Amino acid sequence: MSQKLKQTVLIVLFVVFSIPVFAQVTGDYRSKATGNWGSASTWQIYNGIAWVNATSYPGQNSNVGTVTIGSGNTVTLNVNITSYTIDKLIIGNESGADDTLSLPNNGDFYVNIMLIAVQSDGVLTWVQNADLHLPSEAIIYNNGGHIDTDKNCNNSQRIYLGTREFSSCKGNGNYEYSFDEIESALPPPTSNGDITECAQNPIQTLTASATPPSGAHVVWYTATSGGSPVSPTLNSVGNVTFYGESVDNSDSSRRSLFRTAVKLTILPRPTISVSSPPTCVFRLFSPTTYQLEVTVSTGTVTSTAGTVTNTSGNVWAITNVPSGTNIVVTVTGANGCTNQLPVTAPNCACPVVNSPSSGGNKSYCLGDAVPSITASVGFGETVDWYDSPSGGTLLLLGNTTYTPSGPGTFYAEARNTTTNCRSGARTAIVVTQDTPPTATIGPDQSIFTGGNAIFTVTATNADTFQWQVSTDGGTVFNNISNGAEYAGTQSTALTVKTAGADKNGYRYRVLASKSGSSCPSTTSSSALLTVKVRTVITNRKITYRVDM
């Protein structure tokens, strides 16, 4: 094979013109002796501190960063490597001796190696006929070494990229290129790097760039092959990948066989706007501050002064900003892009605004309408209603009367209608929902004339009681009071004292109520009093008293 062939550069997709051979990292392999790839005794592994004898061969148990064949060793590829991936195979450590990867005769070798670099003292050799199968996106190139065969050059020394019949030594038949055709082609340009920027206002224009070989220029496309030339620019939010192809300045038909990808990305910036304007906060015996609220599309908010709190979702509150201090509020998106919002401090030179005067707490009974509450303020002022003593949710703006939807504590804040200066404190007004009392009377009572009867009641939500009596069987009831006939008329136990037969058939009930409650009193059911008369039986002047 000619010296020209031995210096062939085979490149797929991305070109790397120089690989740092000695920049090892933990898990890298290097040869230590001549032998088979599949023998652990051929290799050393870097443990992060030093090279030590390997216990497995590269690609046997895990993915590998870099494998180097050096020190004059010849490694024979005798295994397939398909379960794991090797990022780089460097043939030659540039120490001067020939470092060789040998493909045995008449073999098909499948190896997941993404880049093969043949250095100045490296040799990639076919013993006779063999097929080397690399992944479709692999890179293989010669960097001053040798790619040769011990047998005459023919179509049985082949390189496959995936299923692509990429090359044979002669290049006949379905094979795309001979080694000579590959060598005569220009190498792809070297990428000057992907570009990622955050969107500006107005939007900027990004341009892909790459460095061609000497005497050539770059033509850009939107695909790895085919297509028409394009201008490699991006001026909108999003990303696009352009592919650069080397073209000879003197002969436009002489080009690189592969293109170099460069990705351009313009990232969106998060938006930020003031959703609640700066408002002065006046507090007694404390320095005046101001606060505001911002809404962002996404991200995290910071401020050059004050306290920043994420109140909900994308809404952020900036509070406790010293009066007269201008701030810059910054939102940072997950993609790292930022947006800034300068905020000018409001004029907080406001007169004192007194807190509203309460119109009084209100209460209502369960089931009744919720009453309105009121607060009074000075001339030129109005009331804003909130659900908390500071911050919180605005319930009603600019009204001295508020009708809540239920019980609770509500806070009235005075506000000057001209300057929007607010009172330093809010006035709490309580709306209470009362529960109606219940009263359950005890059983009917039966006694003999002259005896005492005791009626009881069990009550809830009640502390005031009034017993009543009906003398007409329960049609009309009248209040009764303590005296000769009754005791406990305003308690949970009524005593009917020394009842006579005239009280037989009387019915008793109680009115139960709660002191200070807005609920009306509750009337219990009634209980019956039965008064029995003792019977006297006389026999031959002997009197017997019999209780019936």
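Small disclaimer: the values here were computed from a predicted structure and weren't measured.

Parameters and conventions
Residues numbered from 1 in each chain as written. Predicted model: local features only at pLDDT ≥ 70, side-chain atom pairs only at ≥ 80, totals over all residues. Heavy atoms only, no water. Helix = DSSP H or I, 4+ residues; strand = E, 2+ residues; numbered from the N terminus. Rg over C-alpha atoms; globule rule 2.2 N^0.38 Å. Buried < 20%, exposed > 50% of the residue type's maximum accessible area, 1.4 Å probe, protein only. Contact = heavy atoms within 4.5 Å. Areas by Shrake-Rupley, 256 points an atom, 1.4 Å probe, with all protein chains shown as cover. Lys, Arg positive; Asp, Glu negative; His and termini not counted. Charge placed at Lys NZ, Arg CZ, Asp CG, Glu CD. Disulfide = S-S within 2.5 Å. Pairing = 2+ DSSP bridges. Salt bridge = Lys/Arg side-chain N within 4 Å of Asp/Glu carboxyl O. 1 Å grid on protein atoms, 1.4 Å probe; cavity = no way out; pocket = protein on both sides within 12 Å on 5 of 7 lines; lining within 4 Å. Points joined across faces, edges and corners; volume = space filled by probe spheres on them. pLDDT = per-residue confidence, 0-100. Core = buried A, V, L, I, M, F, W, Y, C linked by side-chain atoms within 4.5 Å. Phe/Tyr/Trp six-rings, centres within 6.5 Å; stacked < 30°, edge-to-face > 60°. Lys NZ or Arg CZ within 6 Å of the ring centre and 35° of its normal. Axes fitted to C-alpha atoms, helices over the stretch in contact; angles between N-to-C directions. Polar contact = N/O pair within 3.5 Å; in protein donor to acceptor, adjacent residues only side chain to side chain.

Asker: Describe the overall build of the chain, with residues and values.
Answerer: What the chain contains, in helices and strands, is two helices and 51 strands. Over its C-alpha trace the chain gives a radius of gyration of 49 Å, far above what one expects of a compact globule, namely 24 Å for 548 residues. Dimensions of the chain along its principal axes, counting C-alpha atoms only, are 160 × 80 × 45 Å. By residue count, 40% of the 548 residues in the chain fall in the buried class. Restricting to contacts in the chain with at least 6 residues of sequence separation, those with at least 24 account for 58%. Surface summary for the chain: the accessible area is close to 26600 Å², and the carbon and sulfur share equals 48%. For the chain, the distance from the average site of its 29 positive side-chain charges to the average site of its 34 negative ones is 20 Å.

Asker: Run through the state of the cysteines, naming residues and quoting values.
Answerer: Tallying each qualifying case throughout the model produces three disulfides. Here C198 connects covalently by a disulfide to C337, the sulfurs 2.0 Å from one another. Sign of the S-S torsion, about -95 degrees for the bond between C198 and C337, identifies this disulfide as left-handed. With a gap of 139 residues between them, C198 in strand β18 (residues 195-198) and C337 in the loop between β30 (327-332) and β31 (338-343) connect regions that are remote in the sequence. Of the two residues, C198 and C337, neither departs from the other in class, the shared state being buried.

Asker: Explain the pairing of strand β42 (residues 453-460) to me, using residue names and the numbers behind them.
Answerer: Here strand β40 (residues 438-441) runs beside β42; their pairing, made up of four bridges, is antiparallel. Each residue of the ladder has a partner; that of T440, found in β42, is T458.

Asker: Go over the pattern of salt bridges, please, and point to the residues and values.
Answerer: For the structure shown, the criterion picks out ten salt bridges. We note a salt bridge from D248 to R254, for which the minimum N-O separation is 2.8 Å. Under the relative-accessibility criterion, D248 is labelled buried at 12%. It is possible to trace a salt-bridge network through shared partners that takes in D384, E413, R415, R422 and R426.

Asker: Tell me about empty space enclosed by the protein, residues and numbers included.
Answerer: All chains considered together, the criterion is met by one cavity of 30 Å³ or more. As a volume, the largest cavity reaches approximately 40 Å³.

Asker: Run through the confidence of the model for the chain, naming residues and quoting values.
Answerer: With 92% of its residues at a pLDDT of 70 or more, the chain shows a mean pLDDT of 89. In this model residues 1-22 is a low-confidence stretch, pLDDT under 50, and it forms 77 contacts with partners more than four residues away in sequence or in other chains.

Asker: Explain the nonpolar core residue by residue, including any values.
Answerer: Counting 38 residues, the largest nonpolar core has W37, W43, L89, L101 and L124 as the members making the most contacts within it. The element that contributes the greatest number of residues to this core is strand β7 (residues 81-91), accounting for four residues. Other than its neighbours up to four places away in sequence, L89 contacts W37, V67, I69, L101, I113, L115, I116 and A117. In this structure, L292, V294, I318 and A345 belong to the second largest nonpolar core, which totals 22 residues.

Asker: Lay out the layout of surface pockets in plain terms, naming residues and giving numbers.
Answerer: In this structure, the largest pocket encloses a volume near 960 Å³. T279, Q291, Y386, G391 and R426 are the residues nearest the centre of the largest pocket, which is lined by 34 residues in total. Listed by contribution, the elements that provide at least two residues to the lining of the largest pocket are β25 (272-281), β26 (289-296), β28 (307-312) and β29 (315-322). Per-element tally for the lining of the largest pocket: the top contributor is β25, with six residues.

Asker: So what's going on with the packing of aromatic side chains? Which residues, and what values?
Answerer: Inspection of the entire model under this criterion finds nine aromatic pairs. Ring plane angle 70 degrees and centroid distance 5.8 Å describe the contact between Y486 and Y508, whose orientation is recorded as edge-to-face. You can see Y486 sitting in strand β45 (residues 486-487) and its partner Y508 sitting in strand β47 (residues 507-513), a full 22 residues away along the chain. Comparing Y486 with Y508 shows no difference in burial state: the two are buried. Aromatic rings pair up to connect Y29, W37 and W43 into one cluster. Positioned above the aromatic ring of Y221 is the side chain of R259, whose terminal nitrogen or guanidinium carbon lies 3.6 Å from the ring centre.

Asker: So what about the sheet that holds β31? Which residues, and what values?
Answerer: A sheet is described by the order of its strands in space; here three strands give the open sequence β27-β30-β31, paired in antiparallel fashion. In this open sheet, the two strands that pair with only one neighbour each are β27 (300-303) and β31. Averaged over all pairs of adjacent strands, the angle between their axes in this sheet comes to 20 degrees, without regard to strand direction. Bridge count for β30 against β31 is six bridges, and the pairing is antiparallel. Across the sheet, T332 pairs through a bridge with T338, a residue of β31.

Asker: An account of the side chain of E245 is needed here, citing residue identities and associated values.
Answerer: With respect to the element layout, E245 can be found in strand β23 (residues 238-248). Within the structure, the side chain of E245 is placed 2.7 Å from the side chain of R255, a separation counted as a polar contact. Not counting residues within four places of it along the chain, the set of residues in contact with E245 comprises P189, H217, V218, V219, Y221, R255, S256 and R259.

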